[in-house]
Amino acid sequence: IGEEPELVEVHRRALAGGQDEVPVELGRREEAVDVQLDRWTASHFLEEEAPDFLLYQWADIDARHPLLGQPAMWRSILANYGLSVPPHTFGTFGEIALLERRGAPVPLALRVVGRDRVGIGDWIEPPESPDLLFASIRFSPTILGRLSVLLWRIEPVEIDLQYADGRNLTFRILPETSENGLLMNYLPSSMYELLNLFQGIRPSPVVRFRVRGPGTSSFQRTLDIVWRSAPWIPPPSTPVHIGAIPP
């Protein structure tokens, strides 16, 4: 992530001329992310000092979904950045995208549209909505769960996703940041879908999901969910061509 003119220019040349190398390491993530760090990072991309450009690689660690690990940060990036032109290339590091600050942010005004209390392992159907729908999931640790955090760490917590087009995907999530609002209906599953979402083209929606995994034994058996929605930009009449691999 950065705004160094040299890196941006190299990336633009790579996109335009088909170069197969971009001299920058991308897609690195810190493992220790909590709710406050996620919110602090999100606020950084709202400031005047935020980078003009973001170089991004679709990657994360420990089988996590890139957008689910730091949900507040990604909501801020969606609102404040759009596609550069051209937006995408393939390089030594894999698929690489270039995002550019929007002339004016998209006003993602969240409003509460529902609340649920569900059991861990139960299938949950998101409310139908043409808007972006976010699930703020609150995990309540047990006494043993609190000790696990202090002494070592909690085992993996996973989310199973079923899409309307028939795909079934599983990712790790972080209970610590899930209350910041996971994008839960039009959740992209690839660089192709993510870049299209930046220009208003929604992917196939998630129709139901469940939370499970060995780490759930560290939490109470019920989850409190607050559903919030925010209008998103409409698809453009002439979309920017995305050269990324479709899912």
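1. A word on the sheet that holds strand 4 (residues 111-119)
Taken in spatial order, the four strands of this open sheet run 4-10-5-8, and their pairing is antiparallel. What marks the edges here is a single partner per strand, and that holds for strand 4 and strand 8 (182-183). Pairing of strand 4 with strand 10 (residues 222-230), which is carried by eight bridges, proceeds in the antiparallel orientation. When the sheet's bridge partners are listed, Arg111 is paired in strand 10 with Ser229.

2. Here's the deal with a nonpolar patch on the surface
Taken together, the side chains of Ile143, Leu144, Leu147, Leu151 and Trp152 define a hydrophobic patch exposed on the protein surface, amounting to about 680 Å² of accessible area. Following the sequence through the fold, Leu147 ends up in helix 5 (residues 143-151).

3. Description of the nonpolar core
Core analysis: the biggest nonpolar cluster contains 53 residues, and Ile77, Leu161, Phe198 and Phe209 have the highest contact counts within it. Look past the residues within four positions of Leu161 in its chain and what remains in contact with it is Arg167, Asn168, Leu169, Phe171, Met184, Leu187, Val206, Arg208 and Phe209.

4. A few points about the packing of helix 4 (residues 71-80) against helix 7 (residues 191-198)
Relative orientation of the contacting elements helix 4 and helix 7 amounts to 55 degrees, with a least axis distance of 9 Å. Between helix 4 and helix 7, the interaxial angle falls into the category oblique. Contacts from Trp74, Ile77 and Leu78 in helix 4 reach Leu194, Leu197 and Phe198 in helix 7. When grouped by side-chain class, the residues that make up the contact of helix 4 with helix 7 number six nonpolar, no polar and no charged.

5. Re the environment of Tyr192
Within the fold, Tyr192 resides in helix 7. Spatially, the C-alpha atom of Tyr192 lies 9.3 Å from that of His88, the residues being 104 residues apart in sequence.

6. So, the side chain of Thr41
Structurally, Thr41 can be placed in helix 2 (residues 35-44). Given the relative accessible area of 14%, Thr41 is considered buried. Not counting chain neighbours up to four residues away, the residues in contact with Thr41 comprise Gln70 and Met73.

7. Quick look at the confidence of the model for the protein chain
In regions of low pLDDT, the predicted coordinates are not meant to be interpreted in detail. The predicted model of the protein chain averages 85 in pLDDT, with 84% of residues at 70 or higher. In this model residues 1-7 is a low-confidence stretch, pLDDT under 50, and it forms 16 contacts with partners more than four residues away in sequence or in other chains. Confidence drops under a pLDDT of 50 for residues 17-31, and excluding neighbours within four residues, the segment shows 36 contacts in the predicted structure.

8. A word on helix 2
Of the positions making up helix 2, those classed as buried are Val35, Asp38, Thr41 and Ala42. The arc enclosing the buried residues of helix 2, seen along the axis, measures out at 130 degrees, which places them on a common side. Away from the buried face of helix 2 by more than 90 degrees, exposed residues Gln36 and Trp40 are located. Contacts made by the buried residues of helix 2 are with helix 4 and helix 6 (175-178). For helix 2, the side-chain oxygen to backbone nitrogen distance between the N-cap and Gln36 is 3.2 Å, and the N-cap itself is Asp34.

9. Some remarks on the pairing of strand 5 (residues 132-138)
Of all seven residues in strand 5, six are buried, a share of seventy percent or more. With seven bridges connecting them, strand 5 and strand 10 associate as antiparallel partners. Considered in strand 10, the bridge of Ile137 is made with Ile225. Bridge count between strand 5 and strand 8: two bridges; the pairing is antiparallel. Looking across to strand 8, one finds that Phe134 is bridged to Leu183.

10. Some thoughts on the packing of aromatic side chains
Inspection of the entire model under this criterion finds four aromatic pairs. Consider the rings of Phe209 and Trp227, whose centres lie 6.2 Å apart with planes at 70 degrees: the pair is edge-to-face. In this pair, Phe209 sits in strand 9 (residues 206-212) while Trp227 sits in strand 10, placing the two residues 18 residues apart along the sequence. On the basis of relative accessibility, which here comes to 0%, the residue Phe209 falls in the buried class.

Definitions and cut-offs
- Residues numbered from 1 in each chain as written.
- Predicted model: local features only at pLDDT ≥ 70, side-chain atom pairs only at ≥ 80, totals over all residues.
- Heavy atoms only, no water.
- Pairing = 2+ DSSP bridges.
- Helix = DSSP H or I, 4+ residues; strand = E, 2+ residues; numbered from the N terminus.
- Patch = residues over 30% accessible without salt bridge, like charges linked within 9 Å, V, L, I, M, F, W, Y side chains within 5 Å.
- Areas by Shrake-Rupley, 256 points an atom, 1.4 Å probe, with all protein chains shown as cover.
- Salt bridge = Lys/Arg side-chain N within 4 Å of Asp/Glu carboxyl O.
- Core = buried A, V, L, I, M, F, W, Y, C linked by side-chain atoms within 4.5 Å.
- Buried < 20%, exposed > 50% of the residue type's maximum accessible area, 1.4 Å probe, protein only.
- Contact = heavy atoms within 4.5 Å.
- Axes fitted to C-alpha atoms, helices over the stretch in contact; angles between N-to-C directions.
- Parallel < 35°, antiparallel > 145°, perpendicular 65-115°, else oblique.
- Nonpolar A, V, L, I, M, F, W, Y, C, P; charged D, E, K, R; others polar.
- pLDDT = per-residue confidence, 0-100.
- Arc of directions from axis to C-beta.
- Polar contact = N/O pair within 3.5 Å; in protein donor to acceptor, adjacent residues only side chain to side chain.
- Phe/Tyr/Trp six-rings, centres within 6.5 Å; stacked < 30°, edge-to-face > 60°.

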